Amino acid sequence: MAKKQEEYREQTLEDLQGPVMGKTQKVVIGAALLFLVCFVVYVLVF
């Protein structure tokens, strides 16, 4: 149990912020949002 306490460390602000999103990830999210908007427009129009 002592070893478990040695491995423990408090959560820092850097842990909560996380890594910055890459360009590819932004493109994929943008494409998914565009597809979703087009799908909603298609359903409402037709």
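Residues numbered from 1 in each chain as written. Predicted model: local features only at pLDDT ≥ 70, side-chain atom pairs only at ≥ 80, totals over all residues. Heavy atoms only, no water.

### Examining the overall build of the chain
Stated formally: Each helix corresponds to a stretch of at least 4 residues labelled H or I by DSSP, and each strand to a stretch of at least 2 residues labelled E; elements are numbered beginning at the N terminus. Any residue under 20% of the maximum accessible area for its type is buried, any over 50% is exposed, and the rest in between are partly exposed; the area is computed with a 1.4 Å probe on protein chains only. Method for areas: the Shrake-Rupley scheme with a 1.4 Å probe, in which residue coverage is limited to the protein chains shown.
In terms of helices and strands, the chain carries three helices and zero strands. The burial tally for the chain puts 0% of its 46 residues in the buried class. In the form shown here, the chain has an accessible surface area of approximately 5,000 Å², with 67% of it arising from carbon and sulfur atoms.

### Some words on the packing of aromatic side chains
Filter applied, for reference: Each aromatic pair joins two rings of Phe, Tyr and Trp (for Trp, the six-membered one) with centres within 6.5 Å, and gets the label stacked for planes under 30 degrees apart, edge-to-face for over 60, and tilted for any other angle.
Scanning all chains against the criterion turns up one aromatic pair. Ring geometry for Tyr42 and Phe46: centres 5.1 Å apart, planes at 45 degrees, overall tilted. Each member of the pair, Tyr42 as well as Phe46, carries the same accessibility label: exposed.

### Considering the confidence of the model for the chain
Going by this rule: On a scale of 0 to 100, pLDDT captures the predictor's confidence in every residue.
Taken over all residues, the pLDDT of the chain has a mean of 86, while the share at 70 or more is 87%. When the elements of the chain are averaged for pLDDT, helix H1 (residues 2-7) gives the smallest value, 64, and helix H3 (residues 23-45) the largest, 97.

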